[in-house]
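Residue-level structural notes
One-letter residues, chain by chain:
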Amino acid sequence: MSARSETLLWVAQRASAGLLALCVTVHLATILYAVQGGLTGAEILGRTRGNPAWAAFYTMFVLAAAVHAPIGLRTVLAEWFGWRGRARDFALIAFAVVLAGLGLRAVSTVFA
Amino acid sequence: MSATLRVKVWRGGADGAFQEFEVPRRESQTVLDVVTHIQRALDPTLAYRYACRVGMCGSCAMTVNGAARWTCRTHVDKVANKGELTIAPLRNLPVIRDLVTDMREFFDKWARAAGQFRGARTRADDFARVSPQSAERVQADAAIECIGCAVCYASCDVLARLPEYLGPAALNRAWTLVNDVRDAAQAERLRAVAGDAGSLSCHTHMSCTERCPKNISPTAGIAGLKRAVARAALAGEL
């Protein structure tokens, strides 16, 4: 992979880390707040369904995770297992698609 | 202060073993004094490397009680553990024999990191004027006193996992040149330090900064390189 592509991946990982820091903070704070009223499926869905702002927030959360995790895993695979090259990168693209797919499916179920 | 030191010294190449010596304890004794005593008085076949003895040449670094150190400026007082010293060759470098490592790869990486100055002026041009207070010069000053001892290289945990990683010393050198306003090979240098084995692989463990005998912070320089390559990549200049 070219030096530029490597660097852009690095930038994408740092940028997504910044988003994730924000998302995780909001996510945890919301849980702490919401759990005070008791924690039932119906109660959660009552709050989330049909709320476009939360849907947009969690869509961003899912996409940031789908960008961030595979890039970090890419380094782990290289440094711990010596796995480099195109096969690894295609496997990680597939991993990113699975992460994004499962996450967006969850978002659509909880918020739609 | 006890009368003698018990010193375990690595003997052999990659496959070897520690050999134990008893060395007389002296006032203001350095680890290099200990190794020299062994070679001159106890076993002349011991291989080790030194030159200046005053912390300038960078040739006497070894692993002393688990940590890479410049042995000529390391007092036994500071590192001996209950009168014991364990002295081994530097990590992350192939061992030639005993305490001598093959440093070719270490220095080849300086070249791979585009560590040579490339000027654009000729002798017909006037001197370049660089203010000592300029931001670039201040950054270069903080990094420029490297003696090439490879203590940082031996202390780097990334190198233990990623042998092709350029390492702290070569990247620190590149950082001094990135801040050299006279240098005309900046794009090429950033490409050299941006790749798979370059600055972006640094995990910021800071072992290099912790161990550098010249109190340089290669970690800070590598962070500067990360910012520089990121800016260049986003601007399409990489």
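Glancing now at the domain arrangement of chain B. Buried accessible area, meaning the area lost when the parts come together, often serves as the stated size of an interface. Residue and element names in this part refer to chain B. You can read the domains of chain B as domain 1 (4–101) and domain 2 (104–234). Distance between the C-alpha centres of domain 1 and domain 2: 29 Å. Listed by partner, the interface residues are 15 residues for domain 1 and 14 residues for domain 2. Every element with two or more residues in the side of domain 1 that touches domain 2 is listed here: strand 3 (61–64) and strand 4 (67–70). Of the residues contributing to the side of domain 1 that touches domain 2, the split by class is 8 nonpolar, 4 polar and 3 charged.

The next point concerns the pairing of strand 4 of chain B. Residues and elements named next belong to chain B. Pairing of strand 3 with strand 4 involves 4 bridges; the strand directions are antiparallel. Bridged to Ala61 within strand 4 is Trp70. Joining the antiparallel neighbours strand 3 and strand 4 is a turn of 2 residues, in which Asn65 adopts a positive phi near 45°.

Between chain A and chain B, the contact holds 8 residues from the first and 12 residues from the second. Ranked by residues supplied to the side of chain A that touches chain B, first place goes to helix 1 (residues 3–34) of chain A with 7 residues. Within the side of chain A that touches chain B, the residues separate by chemical class into 4 nonpolar, 1 polar and 3 charged.

What follows concerns the sheet that holds strand 3 of chain B. All names here are of chain B. An order of 2-1-5-3-4 is seen for the 5 strands of this open sheet, with the pairing classed as mixed. Two strands close off the open sheet at either side, each with one partner strand: strand 2 (16–24) and strand 4. The average angle at which neighbouring strand axes cross in this sheet is 35°, direction not considered. Sitting on the sheet, helix 1 (residues 31–42) touches strand 1 (4–12), strand 2, strand 3, strand 4 and strand 5 (84–88), and the angle it makes with strand 2 is about 95°.

Moving on, we come to the environment of His68 of chain A. Residues and elements named next belong to chain A. Inspection of the secondary structure puts His68 in helix 3 (residues 52–81). As for His68 and Ala96, which are separated by 28 residues in sequence, their C-alpha atoms are 8.9 Å apart. When neighbours within four sequence positions are excluded, His68 is seen to be in contact with Gln13, Ser16, Ala17 and Leu20.

Before going further, it helps to examine helix 1 of chain B. Residues and elements named next belong to chain B. Over its 12 residues, helix 1 runs 16 Å from end to end, which matches the ideal 16 Å to within 8%, given 1.5 Å per residue. Val31, Leu32, Val34, Val35 and Ile38 are the residues of helix 1 that are buried. An end-on view of helix 1 places all buried positions within 165° of arc, on one side of the element. Facing away from the buried side of helix 1, by more than 90 degrees, are the exposed residues Arg40 and Ala41.

Residue and element names in this part refer to chain B. One can find Leu46 in the loop between helix 1 and strand 3. The class for Leu46 is buried, based on 20 C-beta atoms found within 10 Å. The spacing of Leu46 and Trp10 is 36 residues in sequence and 9.4 Å in space, taken between C-alpha atoms. The contact partners of Leu46, leaving out residues within four places of it in the chain, are Val9, Ile38, Gln39 and Asp98.

A few words on helix 3 (residues 104–112) of chain B. All names here are of chain B. Turning to helix 3, its buried residues are Phe106, Lys109 and Trp110. For helix 3, the buried positions fall inside an angular range of 105° around the axis, keeping them on one side. Turned more than 90 degrees off the buried face of helix 3, the exposed positions are Arg104, Asp108 and Ala111. Turning to helix 3, the residues buried within the fold contact helix 5 (151–155) and helix 7 (168–178). The first or second residue beyond helix 3 is Ala114, which carries a positive phi of 55°.

Moving on to the packing of helix 8 (residues 186–194) of chain B against helix 10 (residues 218–234) of chain B. All names here are of chain B. Orientation of helix 8 relative to helix 10, taken along the N-to-C sense of each, is 110°, at an axis distance of 10 Å. Looking at the two axes, helix 8 sits roughly perpendicular to helix 10. Once helix 8 is placed against helix 10, the crossing between them reads as left-handed. When helix 8 is examined against helix 10, the residues Leu190, Val193 and Ala194 are found in contact with a partner set consisting of Leu225, Ala228, Val229 and Ala232. Here the contact of helix 8 with helix 10 is composed, by residue class, of 7 nonpolar, no polar and no charged.

What follows concerns the nonpolar core. Counting 71 residues, the largest nonpolar core has Ile87, Ala150, Ala174 and Val193 of chain B as its most contacted members. Broken down by element, the residue count for this core peaks at 7 residues, all from helix 7 of chain B. The residues that make up this core include at least three from each of domain 1 (4–101) and domain 2 (104–234) of chain B. Contact partners of Ile87 of chain B, with chain neighbours within four places excluded, come to Val7, Val9, Trp10, Val31, Val35, Met62, Val64 and Leu99 of chain B. With 7 residues, the next largest nonpolar core counts Val62, Ala64, Val67 and Phe111 of chain A among its residues.

The rules behind these values
- Residues numbered from 1 in each chain as written.
- Chains lettered and ligands numbered in written order.
- Predicted model: local features only at pLDDT ≥ 70, side-chain atom pairs only at ≥ 80, totals over all residues.
- Domains from an automatic or database assignment.
- Contact = placed C-beta atoms within 7 Å.
- Helix = DSSP H or I, 4+ residues; strand = E, 2+ residues; numbered from the N terminus.
- Nonpolar A, V, L, I, M, F, W, Y, C, P; charged D, E, K, R; others polar.
- Pairing = 2+ DSSP bridges.
- Axes fitted to C-alpha atoms, helices over the stretch in contact; angles between N-to-C directions.
- Expected span 1.5 Å × (residues − 1).
- Buried ≥ 20, exposed ≤ 12 C-beta atoms within 10 Å, placed from the backbone.
- Arc of directions from axis to C-beta.
- Parallel < 35°, antiparallel > 145°, perpendicular 65-115°, else oblique.
- Left-handed = near helix turned anticlockwise from the far one by under 90°.
- Core = buried A, V, L, I, M, F, W, Y, C linked by C-beta atoms within 7 Å.

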